[in-house]
Amino acid sequence: MDCLIIGCGLCGSVIARHMAEQGKRVVIWERRDHIGGNMYDYVDEHGFLVQKYGPHIFHTGKKELYNYMCRFEQWQDYKLTCGAVWDGKYTPTPFNFTTIDTFFPKEKAVELKLKLQKAFAGREEATVVETLEHPDPDIRAYAEYLFQNDYAPYTAKQWGVSPEIIDPSVLKRVPLRFSYEEGYFNDTYQAMPVHSFTRFFENLLNHPNIEIKLGMEALEHLFIRDGKLLLDGLDTSFLVVYTGALDELFGGIYGALPYRSLRFEWKYEKKESLQDAPVVAYPQAEGYTRITEYKKLPIQNKLGTSYAVEYPLPYQEGEKLEPYYPVLTVESQEQYAKYKALAERVPNLICCGRLADFKYYNMDQALARALDVCRN
Ligand SMILES: Cc1cc2nc3c(=O)[nH]c(=O)nc-3n(C[C@H](O)[C@H](O)[C@H](O)COP(=O)(O)OP(=O)(O)OC[C@H]3O[C@@H](n4cnc5c(N)ncnc54)[C@H](O)[C@@H]3O)c2cc1C
């Protein structure tokens, strides 16, 4: 073995492929019983292709990243639409002119749309914060209405805090549209696999120099002492790429890094359609934030509908929960920096990926990061 990779998600698999193509013998250890990390999908008992760890849509502005994905799977253009429901009414998200038509009386809606078009002339969208701070009281009132009914309760549930303490500045990058445009992302490339994300990984990992061991907990064998990486007590000289969490790698000596987790409640109903879009937020619902209806992601013409109801909750190591979203605060970043400094002392260790970098990466960012590691 020339290289040991911990984690068979996007980062670990891309680096494995690169090493294998360089003629190196690579072994991947993955603690789960499947490849693909959080992008893993499978066909459920009702025949629907579902995503075990939540809805994933590949989107990027970068052609080279899209081209990389195309080496290992065929992709179909797919424009995700999302929505939100409150007071029993559905609106697309990001909020647009349909939102105004849905929640405001006709005359008021016409007036508000004109005001927005005039105030933001020449622009397709603005951030929610810009509208919250706008001098026109009607524009501010509209933004405030959305904040109270959607953003504040949704964000509060997502992060497990009270809606009153949600600061509007978290909406700095959240867009409001001044048209009837409904796509969720603005990127040039937005696609879903023709077969599955898992098929993408099968092809990516299909190389004679790659060996995969599933159900393999690396931390039962790997140990770091005095800047040296030990495998079952013996010194290592080969390269180790670690894509797991750094606090786990160092036995939590600086405390556990904070994450939010998710619990998915899987359901099936014998109806044609459950909701108006594949992914819909329910800010007023008790406990859960959103529902993903997989038959619409993309369309799967089968009987009934399979969907996952998403409940955010705090992450506790060892409780069979997954660390999904890093909680990024000044304190947690400082804590992470200490772990990172320890990792950097180990000459044959490379840490990479959403857990090891303690960052929220979209797939294209995770891919770019992995390709960067390959180049260097
Ligand atoms: C709910 C949700 C929705 C998302 N939706 C999108 C989307 O629509 N579009 C998008 O671009 N991105 C999306 N993402 C982000 C996407 O999932 C990530 O960018 C990508 O999966 C990161 O890959 P990775 O290899 O860094 O990490 P992972 O996929 O987490 O892979 C790491 C792997 O390492 C394994 N591992 C960790 N520690 C050990 C150990 N000690 N021993 C053995 N194995 C170990 C883990 O089991 C895991 O399989 C979403 C993320 C979430 C949480």
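Residues numbered from 1 in each chain as written. Predicted model: local features only at pLDDT ≥ 70, side-chain atom pairs only at ≥ 80, totals over all residues.

Colleague: Kindly report on the overall build of the protein chain, identifying the contributing residues and their values.
Modeller: The helix and strand tally for the protein chain stands at ten helices and 22 strands. Against the 2.2 N^0.38 benchmark of 21 Å for 376 residues, the protein chain shows a C-alpha radius of gyration of 23 Å, consistent with a compact globule. Taken along the three principal axes of its C-alpha coordinates, the protein chain extends 75 × 45 × 40 Å. Within the protein chain, contacts between residues at least 6 apart in sequence are counted, and of these 70% link residues at least 24 apart. (Helix = DSSP H or I, 4+ residues; strand = E, 2+ residues; numbered from the N terminus. Rg over C-alpha atoms; globule rule 2.2 N^0.38 Å. Contact = placed C-beta atoms within 7 Å.)

Colleague: Provide a residue-level description of the packing of helix 4 (residues 106-119) against helix 6 (residues 137-159), including the pertinent values.
Modeller: With their axes 10 Å apart at the nearest point, helix 4 and helix 6 run at an angle of 105° to one another. By the angle between their directions, the pair helix 4 and helix 6 is classed as roughly perpendicular. Residues L112, K115, L116 and A119 of helix 4 touch helix 6, and the partners they reach there are D138, I139 and Y142. When the residues that make up the contact of helix 4 with helix 6 are grouped by side-chain class, the tally is five nonpolar, no polar and two charged. (Axes fitted to C-alpha atoms, helices over the stretch in contact; angles between N-to-C directions. Parallel < 35°, antiparallel > 145°, perpendicular 65-115°, else oblique. Nonpolar A, V, L, I, M, F, W, Y, C, P; charged D, E, K, R; others polar.)

Colleague: I'd love a proper account of the packing of helix 1 (residues 10-21) against helix 7 (residues 197-205), names of residues and values included.
Modeller: Look at helix 1 against helix 7: their axes get within 9 Å of each other, and the N-to-C directions meet at 25°. If you check the angle between helix 1 and helix 7, you find them roughly parallel. Pair helix 1 / helix 7 crosses with left-handed handedness. Of helix 7, the residues touching helix 1 (which contributes S13, A16 and R17) are F201, L204 and L205. Class assignment of the residues belonging to the contact of helix 1 with helix 7 gives a composition of four nonpolar, one polar and one charged. (Left-handed = near helix turned anticlockwise from the far one by under 90°.)

Colleague: Talk me through the sheet that holds strand 8 (residues 89-93); I want residue IDs and the actual numbers.
Modeller: Paired through backbone hydrogen bonds, the strands of a sheet run either parallel or antiparallel to each other. Strand order in the open sheet formed by seven strands is 8-7-18-19-20-17-21, and the pairing between neighbours is mixed. The open sheet is flanked by strand 8 and strand 21 (325-326), the only strands paired with a single partner. Bridge count for strand 7 (residues 82-86) against strand 8 is five bridges, and the pairing is antiparallel. What sits directly across from W86, in strand 8, is K89. Helix 6 rests against strand 7, strand 17 (259-269), strand 18 (279-281) and strand 20 (305-314) of the sheet, and its axis sits at about 100° to strand 7. (Pairing = 2+ DSSP bridges.)

Colleague: Describe in detail the domain arrangement of the protein chain, supporting the description with residues and values.
Modeller: Looking at the protein chain, the domain boundaries give domain 1 (3-75 + 194-258 + 326-375), domain 2 (82-177) and domain 3 (259-314). One C-alpha centre belongs to domain 2, the other to domain 3; they are set 23 Å apart. Facing the 15 residues of domain 2 at the interface are twelve residues of domain 3. Elements that contribute at least two residues to the side of domain 2 that touches domain 3 include exactly strand 7, strand 8 and helix 6. No other element matches the seven residues that helix 6 contributes to the side of domain 2 that touches domain 3. When the residues that make up the side of domain 2 that touches domain 3 are grouped by side-chain class, the tally is eight nonpolar, five polar and two charged. (Domains from an automatic or database assignment.)

Colleague: I'd like a rundown of the nonpolar core, residues and numbers included.
Modeller: By size, the foremost hydrophobic cluster in this structure holds 53 residues, and its most contacted members are I5, I15 and A16. Considering every element that reaches this core, the biggest residue donor is helix 1, with seven residues. Filtering out sequence-adjacent residues up to four positions away, I5 remains in contact with G12, I15, A16, V26, I28 and V241. Grouped together as the second largest cluster of nonpolar side chains are 30 residues, F48, F178, Y307 and A308 included. (Core = buried A, V, L, I, M, F, W, Y, C linked by C-beta atoms within 7 Å. Buried ≥ 20, exposed ≤ 12 C-beta atoms within 10 Å, placed from the backbone.)

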